Amino acid sequence: MKMRLLPGLLLALAPAALGAQGLPADARPAQLREVGYDQRLGEAVPLDVALRDEDGRDVTLGQYFGKRPVVLTIVYYDCPMLCTLSLNALASALATLSFDVGREFEVVTVSFDPREGPDLARAKKAAYLQRYKRKGADAGWHFLTGDEASLKRLTAAVGFRYAWDERTKQFAHPAGLLVLTPDGRISRYLYGVEYAPKDLKLAVMESGAGRIGSVIDQVVLFCYQYDPQTGRYGAVVMRIVRVLAVLTLGGLAFLIYTLRRTERRAAGA
């Protein structure tokens, strides 16, 4: 069984690995040249796309936008490996955040396989809510399915390219997630099958336009810069130095002010 799954695992992991290394499309195996993410940063997703929720109700993507940033994952529920790895990593990263799904942000998971329906979506939701274990997540993490036309429209809008592999009877597809603004614009892409909690938190904070996170969180965000090539955040040394310099000057100014007030009081006495 493990030997039969190995070719499919390699096929599934290759797009993520190649994309992270920034290799041009013509350097990839022929089978994978049509697989990957095309970044659409700043572009709006089609909020009127018709989908179905995990209970089989007709919904539109826009129902999950408007108030909070949205973490969007595109998977297929019957995937034997890559999608499970990616969703497991997302659940683990979410569990470490001080932000709560359904309160500071929404999570929307969409199957790009039109053959899948609400039963699979409902089972996946139950499994990941059990894994996440936070109150209110039931109303904040949504598992959706849709017809072929709707799914193609959505995947094209976010730059998600995938292909069916007839030999393994599986989809080859990239691994990653997107973070979108409350009004439905693509803010950040995070790549791979593991998501650093720091990257996820910073992406959600940025997408929330400063309305999420404490003052300290906002200072930390100022010290990091998003790299669209890697889909990660890196510390910006000069920014950190400037922040420390401002804090130091502020501290010195406060100290001088305090000393002068003390001297005046002593002289008046």
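From a predicted model like this one, the values you see are computed outputs, not experimental measurements. (Residues numbered from 1 in each chain as written. Predicted model: local features only at pLDDT ≥ 70, side-chain atom pairs only at ≥ 80, totals over all residues. Heavy atoms only, no water.)

A.B. asks: Just to check I follow, could you spell out helix H3 (residues 118-132) for this structure?
C.D. replies: An α-helix turns once per 3.6 residues; consequently, residues spaced three or four apart project the same way. In this model, H3 (15 residues) spans 20 Å end to end at C-alpha, consistent with the 21 Å of a helix rising 1.5 Å per residue. For H3, the elements touching its buried residues are helix H2 (82-96) and strand E6 (141-144). Count one or two residues on from H3 and you reach Lys133, which has phi positive near 60°. (Helix = DSSP H or I, 4+ residues; strand = E, 2+ residues; numbered from the N terminus. Expected span 1.5 Å × (residues − 1). Contact = heavy atoms within 4.5 Å.)

A.B. asks: Sorry, what's going on with a positive patch on the surface here?
C.D. replies: A contiguous patch of positive charge, built from Arg260, Arg261, Arg264 and Arg265, is present on the exposed surface. According to the relative accessible area criterion, Arg264 is exposed, its value standing at 56%. (Patch = residues over 30% accessible without salt bridge, like charges linked within 9 Å, V, L, I, M, F, W, Y side chains within 5 Å. Areas by Shrake-Rupley, 256 points an atom, 1.4 Å probe, with all protein chains shown as cover. Salt bridge = Lys/Arg side-chain N within 4 Å of Asp/Glu carboxyl O. Lys, Arg positive; Asp, Glu negative; His and termini not counted. Charge placed at Lys NZ, Arg CZ, Asp CG, Glu CD. Buried < 20%, exposed > 50% of the residue type's maximum accessible area, 1.4 Å probe, protein only.)

A.B. asks: It is not clear to me how the pairing of strand E5 (residues 106-111) should be interpreted in this structure. Could you clarify?
C.D. replies: Remark: a regular strand shows side chains that alternate across the two faces of the sheet. Taking burial as the measure, the six residues of E5 include six buried ones, the bulk of the element. When strand E4 (residues 70-75) meets E5, the two strands line up parallel, connected through six bridges. If you follow Thr73 over to E5, its bridge partner there is Thr109. Following the backbone out of E4, through H2 and into the adjacent parallel E5, one traces a crossover that is right-handed. Two strands pair when backbone bridges link them, and E5 and E6 are joined in this way by four bridges, in the parallel orientation. Within the sheet, the bridge partner assigned to Val107 lies in E6 and is Trp141. At this point the chain moves from E5, through H3, to the parallel E6, and the crossover so formed is right-handed. (Pairing = 2+ DSSP bridges. Right-handed = clockwise from strand over helix to strand, strands pointing away.)

A.B. asks: Please explain a nonpolar patch on the surface as it appears in this structure.
C.D. replies: The grouping of Leu249, Leu252, Leu255 and Leu259 at the surface amounts to a nonpolar patch, some 390 Å² of accessible area in total. When you line up the elements, Leu255 lands in helix H7 (residues 237-268). Exposure remark for Leu255: the relative accessible area of 45% places this residue in the partly exposed category.

A.B. asks: In this structure, what is going on with the packing of aromatic side chains? I would like to understand it.
C.D. replies: Within this structure, the stated rule accounts for 17 aromatic pairs. Here Tyr128 and Phe143 contribute two aromatic rings whose centre-to-centre distance is 6.4 Å and whose plane-to-plane angle is 15°, an arrangement assigned as stacked. Taken as a pair, Tyr128 in helix H3 and Phe143 in strand E6 lie far apart in primary sequence, 15 residues in all. We note that Tyr128, like Phe143, is buried. Put simply, the rings of Tyr37, Tyr76, Phe112, Phe160, Tyr162, Trp164, Phe171, Tyr189 and Tyr191 touch in pairs and so form one group of aromatic residues. The ring centre of Phe99 lies 5.3 Å from the NZ or CZ of Lys201, which sits over that ring. (Phe/Tyr/Trp six-rings, centres within 6.5 Å; stacked < 30°, edge-to-face > 60°. Lys NZ or Arg CZ within 6 Å of the ring centre and 35° of its normal.)

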